[in-house]
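Residues per chain are reported as follows:
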Amino acid sequence: DAGVIQSPRHEVTEMGQEVTLRCKPISGHNSLFWYRQTMMRGLELLIYFNNNVPIDDSGMPEDRFSAKMPNASFSTLKIQPSEPRDSAVYFCASSSSGRNIQYFGAGTRLSVL
Amino acid sequence: AQSVTQPDIHITVSEGASLELRCNYSYGATPYLFWYVQSPGQGLQLLLKYFSGDTLVQGIKGFEAEFKRSQSSFNLRKPSVHWSDAAEYFCAVAPNNAGNMLTFGGGTRLMVKP
């Protein structure tokens, strides 16, 4: 299996622009997670989907962030408008329900200038 | 709410020396426990996990961890560190039910001296 695939690996954008991060989970996994990693705050869970349905989005920082999972093989995390404080590495992870083992993608490093 | 504490932010060991990374958790029941490793520029990779049974669990890359219920700890160990072990290590817990959500500790950055 190719593992969890994230794109792009790096994104540099200007403040105010829309940013879309993409994730393809491992085939057969039905849970998907978006995390943000910064030096100051460490790893933070942003949102969690189960069977394509958002279960817990309490970690989404504010309305500028939105996430969708239109099908079992694709998810997006969108930031609109982006701000410099959104600069971080964003990880996607997937797991099989009941297995409690999350498999992580390589991450997207976002820089907002 | 559950929480995970990794008391050591940075640790430096010499190559060939033994290693122990500490992890303490706070949770009402015995959770599922995990150690992940993150190499620079990479995502997190699962090293090992504890669900139940034998409290000493073996993982990949020669790592092991011991669950101690009385101390609410799940410390990671390796008898002889290699330079390639330099990375950041994260302890995580999940409720021991069907839920998949993990709570991560703040991480410990390991540096290995030649």
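Structure: see above.
Residues numbered from 1 in each chain as written. Chains lettered and ligands numbered in written order. Predicted model: local features only at pLDDT ≥ 70, side-chain atom pairs only at ≥ 80, totals over all residues. Heavy atoms only, no water.

Student: Help me understand the state of the cysteines, please; the structure alone is not making it clear to me.
Tutor: Each disulfide consists of one covalent bond between the sulfur atoms belonging to two cysteines. Residue and element names in this part refer to chain A. In the structure shown here, the tally under the stated rule is two disulfides over all chains. The residue that forms a disulfide with Cys23 is Cys92, at a sulfur-sulfur distance of 1.9 Å. Classification of the bridge connecting Cys23 and Cys92 rests on its S-S torsion, roughly -65 degrees, and on that basis the disulfide is left-handed. Of this pair, Cys23 sits in strand E3 (residues 19–24) while Cys92 sits in strand E9 (residues 88–95), and the two are 69 residues apart along the sequence. Here Cys23 falls in the buried class, since its relative accessible area comes to 1%. For Cys92, a relative accessible area of 0% translates into the label buried. (Disulfide = S-S within 2.5 Å. Helix = DSSP H or I, 4+ residues; strand = E, 2+ residues; numbered from the N terminus. Buried < 20%, exposed > 50% of the residue type's maximum accessible area, 1.4 Å probe, protein only.)

Student: I tried to follow the nonpolar core on my own but got confused; where do I start?
Tutor: Here is a general trend for soluble globular proteins: nonpolar side chains tend to be buried in one another's company. Core analysis: the largest hydrophobic core is formed by 26 residues, its most contacted members being Leu19, Trp35, Leu47, Leu48, Phe74, Leu76 and Tyr89 of chain B. Elements supplying a minimum of two residues to this core: strand E2 (10–14), strand E3 (19–21), strand E5 (32–38), strand E6 (44–50), strand E8 (64–68), strand E9 (73–78), strand E10 (87–94) and strand E12 (108–113) of chain B. Ranked by the residues each element gives to this core, the list is headed by E10 of chain B, at four residues. Not counting residues within four places of it along the chain, the set of residues in contact with Phe74 of chain B comprises Cys23, Leu33, Phe34, Trp35, Leu48, Lys49, Tyr50, Val57, Ala65, Glu66 and Phe67 of chain B. Core analysis: the next-biggest nonpolar cluster, separate from the first, contains 21 residues, Leu21, Phe49, Met60 and Ala88 of chain A among them. (Core = buried A, V, L, I, M, F, W, Y, C linked by side-chain atoms within 4.5 Å. Contact = heavy atoms within 4.5 Å.)

Student: Just to check I follow, could you spell out the pairing of E12 of chain B for this structure?
Tutor: Look at any regular strand and the pattern is simple: side chains alternate between the two faces of the sheet. Residues and elements named next belong to chain B. A one-sided burial pattern is seen for E12, the buried positions being Thr108, Leu110 and Val112 and the unburied ones Arg109, Met111 and Lys113. Bridge count for E2 against E12 is five bridges, and the pairing is parallel. When the bridges of E12 are listed, Ile11 appears paired with Leu110. The pairing of E10 with E12 spans three bridges and is classified as antiparallel. Paired with Ala87 across the bridge in E12 is Leu110. (Pairing = 2+ DSSP bridges.)

Student: What exactly am I supposed to notice about the interface of chain A and chain B here?
Tutor: Accessible area lost upon the coming together of the parts is a frequently used measure of interface size. At the junction of the two partners, chain A supplies 21 residues and chain B supplies 21 residues. Taking both partners together, chain A and chain B bury about 1600 Å²; carbon and sulfur atoms supply 55% of that area. Summed over the three residues of chain A that lose the most area to chain B, namely Leu43, Asn100 and Phe104 of chain A, the buried surface amounts to 36% of that side. Scanning the region where chain A abuts chain B turns up zero salt bridges. If you list the elements that add at least two residues to the side of chain A that touches chain B, you get strand E4 (31–38), strand E5 (42–50) and E9 of chain A. Sorting elements by how many residues they give to the side of chain A that touches chain B places E4 of chain A first, with four residues. Residues of the side of chain A that touches chain B, tallied by class, amount to nine nonpolar, nine polar and three charged. (Buried area = accessible area lost by both parts, 1.4 Å probe. Salt bridge = Lys/Arg side-chain N within 4 Å of Asp/Glu carboxyl O. Nonpolar A, V, L, I, M, F, W, Y, C, P; charged D, E, K, R; others polar.)

Student: Before we go on, may I ask you to explain the side chain of Ser31 of chain A in this structure?
Tutor: Inspection of the secondary structure puts Ser31 of chain A in strand E4. Separated by 2.9 Å, the side chains of Ser31 of chain A and Asn50 of chain A make a polar contact. (Polar contact = N/O pair within 3.5 Å; in protein donor to acceptor, adjacent residues only side chain to side chain.)

Student: Which parts of the structure should I look at to understand unusual backbone geometry?
Tutor: Among all residues save glycine, negative phi is the norm, and among peptide bonds the norm is trans. Residue and element names in this part refer to chain A. In this chain, Ser7 is followed by Pro8 through a cis amide linkage whose omega measures -10 degrees. Looking at where Pro8 falls in the secondary structure, it is placed in the loop between strand E1 (5–7) and strand E2 (10–13). Note the cis peptide between Gln80 and Pro81, where omega equals -5 degrees. One can find Pro81 in the loop between strand E8 (74–79) and E9. In this structure, Asn51 takes a positive phi of about 50 degrees despite not being glycine. Within the secondary structure, Asn51 is located in the loop between E5 and strand E6 (53–56). Of the residues examined, Asn51 reaches a relative accessible area of 46% and is grouped as partly exposed.

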